[in-house]
Every structure is written in structure tokens, then in C-alpha cells.
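# Inside the fold
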Amino acid sequence: MESYAGEGDYAFRGREGPLRVTNPEPHDPLFATIIKAAAQVGIQHNPDYNGVSQEGVAMSQATIAGGRRMSTARCYLDPVRNRWNLQIETKALTEGLVLDGKRCTGVRYSVGGEVREARAARAVVVSAGAFNSPQLLELSGIGQPERLRNLGIEVRHELPGVGENLRDHYVPRTRWLVGKKGITFNDRARGLGLAHQVLRYALFRQGMLAMTGAPIRAFVCSREGLEAPDLMLGWIPMLFEPSPRGPKISRQSGLTLYAHAMRPESKGSVHITAADARRPPAINFNFLSSPPDAELTVRAVRIARSIMTAPAMTPLQVSETAPGADRTTDDAILDWVKKAAETTYHPVGTCKMGSDPMAVVDAQLRVHGIAGLRIADASIMPTLASGNTNAPSIMIGEKAADWCSIPQPDPSLNANDRFRRVGGARRSSLFHPLALLVEGRNNAPASPGLRQCVSLGSTPSPASIIVAVWHGIRSASGHSPAADDRFGGSTDTGLAYASIASHSLSFDHRLRFRAPLTAIASAFRCQREAL
Ligand SMILES: Cc1cc2nc3c(=O)[nH]c(=O)nc-3n(C[C@H](O)[C@H](O)[C@H](O)COP(=O)(O)OP(=O)(O)OC[C@H]3O[C@@H](n4cnc5c(N)ncnc54)[C@H](O)[C@@H]3O)c2cc1C
């Protein structure tokens, strides 16, 4: 998936994927000082935290290359934008899934007030994110029966897990004034400094405008004996302050250091409040409802403090403004956390993968109990990844693309031959690992190719590009319809794709993700077994 530019162990890092990942050097004196201070409290420099070990302090690896965000629109969609079999629709709002009994046969969407329908004979893949994928299911009658009935929605399929298990990172941001002049971005992005940064970016695509928001981070164990870090810290090299139009860069010079539990256990929910796709669902995070989360957050704040007050920081003349040096007890810190912490916009889990009664999709992203329906986005992660969620979401899109593009196996081949053949066919096919929305039979009147398209995406920017593709590919191996509905189609089967996984923003990210890796492993196992 990734194309990583830095030094690193080839066993762990991808070099040829579409998603470019870079790793800045810690040359800036501010970052070098933080790395030194962390080492003084026992947190060592780890140049590649996506390698063999995650633990340590490091420059943030980012999906940024040449000073540009490497969004899925850029890395996955741009290269195929002009394909004859790709149709992109923007300003489209998906209002519901079309169900025929327990089979999904398409989607209903509106563009400029006009309601349209796209039919799919094989499968629909929903990628509307952790809030809107469950919303779409509920609007379509899939979810908790009583909740749906109360809103006047006909229950088409009972799935109690839809909208439950909402997890997110709840992050307090500690704030530090820095007395030494010219060190922080507050100082360096002021007046002529700002002009310098703008020029630097315009001419060389370098400088603070080419960086991720938190260019340095640490993965830390809350206590000895843990197998892997459970806390994350990230430094933003400036202070912000609230303003009526949102946070603005402070006139004071300082640092923001966020510190939080990486795999919180607190669970909330997201559910519709009306049978209307335009009405936002109600979100209840239940942050800190699991006691260990509160304990770990306090521990993370204490570790942040210990780094910021380590001897190496003395020349920077650092002083704490939040939570404030007088908040010394766990209760006092927790009290501040409850007032000051915020989401980091990493919602996951609301259509979780699994086989328990609350699971919504299986190990190949197929919705339990509904044929022809897959979900491919952050909502399927059963727990939070050990880091940020953008790259893991892209990985889910890649896996969905693999599964949806696997052609019919040739029953005359043995399992190993079949597996090889599937891999080869995938590489040579027109498929591209974007994210898929619909696989459909060639029931449209035109030639096998572009047919019809499907929604996703409500704004015209690349950030919310919604793609619908009717892919008139004939199965590479040309087999008859199979009993297995995943790939069940004849040679007359076309594939309609939609919905680029829509990772609108390219962010610094963690490529380590435990649950998704488990998912990959089990998916591969299933795939082999299926063959
Ligand atoms: C402000 C912010 C900062 C973030 N920072 C980082 C970061 O630094 N690092 C990181 O790794 N992650 C970050 N994330 C998280 C990351 O963006 C998400 O984890 C990732 O985008 C999830 O991908 P997704 O495909 O599940 O959902 P999304 O990217 O949310 O895509 C869902 C898409 O579906 C569309 N959609 C929803 N409902 C409908 C409908 N009914 N009809 C049509 N279209 C619909 C939406 O418009 C959207 O385009 C950040 C997120 C935000 C909001």
C-alpha cells in the first residue's frame, strides 16, 4: 500500500505502493531538544516506529510528499480519473440502500434534489465513514428493530450492532510557554518569518507549511512489562487560542503537547434520530466511561510533564500553563482532562467486523445476513488502531478492492495454483485498489462498460469525492455463476464501482494497526479456504 521514502526494514515497509509516506529528519533544534529530553526520562529515539518496534520518540511519518498531502483522491483516484469505465458524481447524497428481501440490489441517491437509483446485481460497497455508514444502514431498515420502528422505518434486517461500539481518541492538550525566542512556530510564523515560510513553501515545498500538524511524537508504555506501547504523545510546535472563528495561532510563544491512551475501551454509539438522510445522527462518545481510560490518560499527562521538565528543556525556558503545575493529584488532572480534552477525529467501530452477535460485517466486510452488501471504511475496525486511523482506513479500502476484484476460481486447479492465478489476474485486471461500491450484472442497455453510477460524497471537493464506476469487466477466468455470492456472476457480470474511500485529508499517521492486521490475516485465510 505504501511507498515509504525513509530508511527502514524492508520486512516491514512497503516501497512500491500508491500511498507515499515520508519521514522528516529531526534537524530542527526544537525537535532535537525534545528527543534529548525524552531520552532523559527513558524514552529513546526510534527513527522508524513503523518498523520492528513502535516504542520511542520520533519525527512523525506522514502521508505527505513533495510538500503535498497524499490523499486517496491524489494517490488512487487521480491516476484513473480518465478511465472510460469510471464515472465520478459529486454533490450526491446517498439516501438509502435498495433491498430485495435479504439482498442489496443497489442504492438510492439524490443529486440537486433529483432522486436516482443505481442497481447492482452482485454487491454494493458502502464507504460513508464511522458516522454515516451506520446511518445509511439504519435508514435502510438494518439495525436495532425497536429503534427503527420508533422512527417509522420498516425493519428489513435485525442487526443490533449497527451504530454501537463507537470508539475514538479523547485527547487532552497540555500547553507550555516557551521563553527562548525564535524557537516555536508562533515566533517563526510571525511577520517576516511568515513571509519566509510562505516563500520557502512556494519555491521548495519545504518548511513548516509542508509539515504535518504534530511533527514529532512518542509511543510510550504506561508501565513496565507491556508488550507494546499503550500511550501516544504528540507535539504541536506552537500555541493556539480560541477565537470566534475557531482556534487561531496565539501571540504567545509555546508548545502544545497532547497525550492520550492509544487503545481506549470506552464505547459510545451513533444512531439516526429521523428517517431522513439529511438529518445528522446523534453521537454519544461516552469518553472515559471505561475506568482504565481515565487512568491511562492521567498517566500520559504525567509522562508529558516529565519530558517537558527534563533537564534538556531548561534552555528553552519552558513553563506549564495547562493543566497547570498546581494540578498535582490524579483527581485534579482528571478534572482538567474532562474539561479540556477533545476528539482527534478518529471515530471507528460502528459497523464492527467479527462473528459475535454485535458484529455487523464478517472477515471479508460482508454485512451479516444481507447478501450483496459490504462496508469498507473505519466503521468496521472492532477497536482503535495503535495510532491514527487514516492509513488503516485506506488499507481497508485496499483489502475490499482485493476481495471484490478476485475472479472466479477455476475448479480444475488445485488450491495453490488457484491462489497464484487469482493474484496474477488481479494485477493484470483493470481493477484498481480504490474502494468499491457496487458490483453489478450487465443489466444496463449499453455496451459492457460504463453503465450507471452510484453515489457517495456530498461535497464537490476532492475531499469528498464520490466515485461511481460501472466496470464492465468480464471475469478474467470466465466461469459460470457460483454458489458463492461474493463472486457469483457469470461472464456477463459487470462491476460497478463507487466510492473512493474518501480519505479526504492526508495526515500523519500510524501504519501499525493491530485489529486490521488480524483482519488481513484472517481475510487471507478465508480467501485461501474459499478457493
Ligand atoms: C479534522 C480531522 C483531522 C484528522 N487528522 C488525522 C490525522 O492526522 N491522521 C490520521 O491518520 N487520521 C486523521 N483523521 C481521521 C481520518 O481522516 C479518518 O480516519 C479517515 O478519513 C476515515 O476514512 P473513512 O473512509 O472511514 O471515512 P471518511 O474519510 O469520513 O469518508 C466518508 C465519506 O463518505 C461521504 N458520505 C457520508 N455519508 C454520505 C451519504 N449519505 N451520501 C454520500 N456521501 C456520504 C462523506 O462525505 C465522506 O467523503 C482526521 C479526521 C478529521 C475529520
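Definitions and cut-offs
Residues numbered from 1 in each chain as written. Predicted model: local features only at pLDDT ≥ 70, side-chain atom pairs only at ≥ 80, totals over all residues. Heavy atoms only, no water. Helix = DSSP H or I, 4+ residues; strand = E, 2+ residues; numbered from the N terminus. Buried < 20%, exposed > 50% of the residue type's maximum accessible area, 1.4 Å probe, protein only. Contact = heavy atoms within 4.5 Å. Areas by Shrake-Rupley, 256 points an atom, 1.4 Å probe, with all protein chains shown as cover. Axes fitted to C-alpha atoms, helices over the stretch in contact; angles between N-to-C directions. Parallel < 35°, antiparallel > 145°, perpendicular 65-115°, else oblique. Nonpolar A, V, L, I, M, F, W, Y, C, P; charged D, E, K, R; others polar. Core = buried A, V, L, I, M, F, W, Y, C linked by side-chain atoms within 4.5 Å. pLDDT = per-residue confidence, 0-100. Pairing = 2+ DSSP bridges. Patch = residues over 30% accessible without salt bridge, like charges linked within 9 Å, V, L, I, M, F, W, Y side chains within 5 Å. Salt bridge = Lys/Arg side-chain N within 4 Å of Asp/Glu carboxyl O. Arc of directions from axis to C-beta. Phe/Tyr/Trp six-rings, centres within 6.5 Å; stacked < 30°, edge-to-face > 60°. Expected span 1.5 Å × (residues − 1).

Before going further, it helps to examine the overall build of the protein chain. When helices and strands are counted, the protein chain shows 11 helices and 27 strands. Split into buried and exposed, the 531 residues of the protein chain put 56% on the buried side. Pairs at least 24 apart in sequence give 69% of the contacts found in the protein chain among residues at least 6 apart. When the accessible surface of the protein chain is summed, it comes to about 22300 Å², and 52% of that surface belongs to carbon and sulfur atoms.

Further remarks concern the packing of helix 7 (residues 291–308) against helix 8 (residues 330–340). The relative placement of two packed helices is expressed as an angle between their axes plus a distance between the axes. Running from N to C, helix 7 and helix 8 point in directions that differ by 100°, and their axes come no closer than 10 Å. In terms of axis orientation, helix 7 runs roughly perpendicular to helix 8. Contacts from Ala294, Thr297, Val298, Val301, Arg302 and Arg305 in helix 7 reach Asp330, Ile333, Leu334, Trp336 and Val337 in helix 8. Split by residue class, the contact of helix 7 with helix 8 holds 7 nonpolar, 1 polar and 3 charged.

Okay, the nonpolar core next. Ile43, Val57, Ile216, Leu233, Trp235 and Ile307 are the most contacted members of the largest nonpolar core, which totals 38 residues. When residues of this core are traced back to their parent elements, those giving at least two are helix 1 (29–40), strand 3 (56–59), strand 14 (173–178), strand 15 (216–220), strand 16 (231–236), strand 19 (254–261) and helix 7. It is helix 1 that provides the largest number of residues to this core, a total of 6 residues. Contact partners of Leu233, with chain neighbours within four places excluded, come to Ile216, Arg217, Ala218, Val220, Leu257, Tyr258, Ala259, Ala300, Ile303, Ala304 and Ile307.

Turning next to the confidence of the model for the protein chain. With 76% of its residues at a pLDDT of 70 or more, the protein chain has an overall mean of 80. Across residues 408–531, confidence stays below pLDDT 50; counting only partners more than four residues off in sequence or on other chains, it has 356 contacts.

As a further point, take the sheet that holds strand 19. Ordered by their spatial adjacency, 6 strands build an open sheet running 3-15-16-19-14-22, and the pairing between neighbours is antiparallel. Edge strands, defined here as strands with exactly one partner in the open sheet, are strand 3 and strand 22 (318–322). Strand-to-strand twist in this sheet, taken as the mean axis angle between neighbours without regard to direction, amounts to 25°. Pairing between strand 3 and strand 15: 4 bridges, direction antiparallel. When the bridges of strand 15 are listed, Gly56 appears paired with Phe219.

Between Ala322 and Pro323 the backbone carries a cis peptide bond, its omega angle lying at 5°. With respect to the helices and strands, the residue Pro323 is situated in the loop between strand 22 and helix 8. Its identity is not glycine, yet Asn286 carries a phi of approximately 55°, on the positive side. Not every positive phi belongs to a glycine, and Leu288 is a case in point at roughly 65°. Classification of Leu288 by relative accessible area gives buried; the value is 17%.

A contiguous nonpolar patch, built from Leu194, Val198 and Leu209 and spanning about 240 Å² of accessible area, is present on the exposed surface. Note that Leu209 resides in the loop between helix 6 (192–204) and strand 15.

Moving on, we get to helix 8. Within helix 8, burial applies to Ile333, Leu334, Trp336 and Val337. Down the axis of helix 8, the sector holding all buried residues measures 160°, keeping them to one side. Structural note: helix 8 exposes Asp331, Lys338 and Lys339 on the side pointing more than 90 degrees away from its buried face. For helix 8, the secondary structure elements touched by its buried residues are strand 13 (170–171), strand 14, helix 7 and strand 22.

For the structure on display, the rule yields 18 salt bridges. The salt bridge involving Arg116 is made with Glu114; its shortest N-O contact spans 3.4 Å. Classification of Arg116 by relative accessible area gives partly exposed; the value is 28%. Residue Glu114 is classed as partly exposed on the basis of its relative accessible area of 45%. Arg190 is the salt-bridge partner of Asp187, the closest N and O atoms lying 3.4 Å from each other. Overlapping salt bridges, with partners in common, bring together Glu2, Arg13 and Asp48 in one network.

Reading across the sheet, the 3 strands line up as 7-8-9 and stay open at both edges, with antiparallel pairing between neighbours. Two strands in the sheet have a free side with no partner beyond their single neighbour: strand 7 (92–100) and strand 9 (114–119). The sheet shows a mean angle of 25° between the axes of neighbouring strands, direction not considered. In the sheet, strand 7 pairs with strand 8 (residues 103–111) via 8 bridges, with the strands oriented antiparallel. Among the inter-strand pairings, Thr94 is bridged to a residue of strand 8, identified as Tyr109.

A word on the packing of aromatic side chains. This structure, assessed with the given rule, holds 4 aromatic pairs. Ring geometry for Tyr49 and Phe219: centres 4.9 Å apart, planes at 50°, overall tilted. One end of the pair, Tyr49, is in the loop between helix 1 and strand 3; the other, Phe219, is in strand 15, and 170 residues separate them in sequence. Exposure class is identical for Tyr49 and Phe219. Each is buried.

Relative to the 26 Å expected for 18 residues at 1.5 Å per residue, helix 7 spans 26 Å between its end C-alpha atoms, a close match to the ideal helical length. Among the residues of helix 7, those classed as buried are Asp293, Ala294, Thr297, Val298, Ala300, Val301, Ile303, Ala304, Arg305, Ile307 and Met308.

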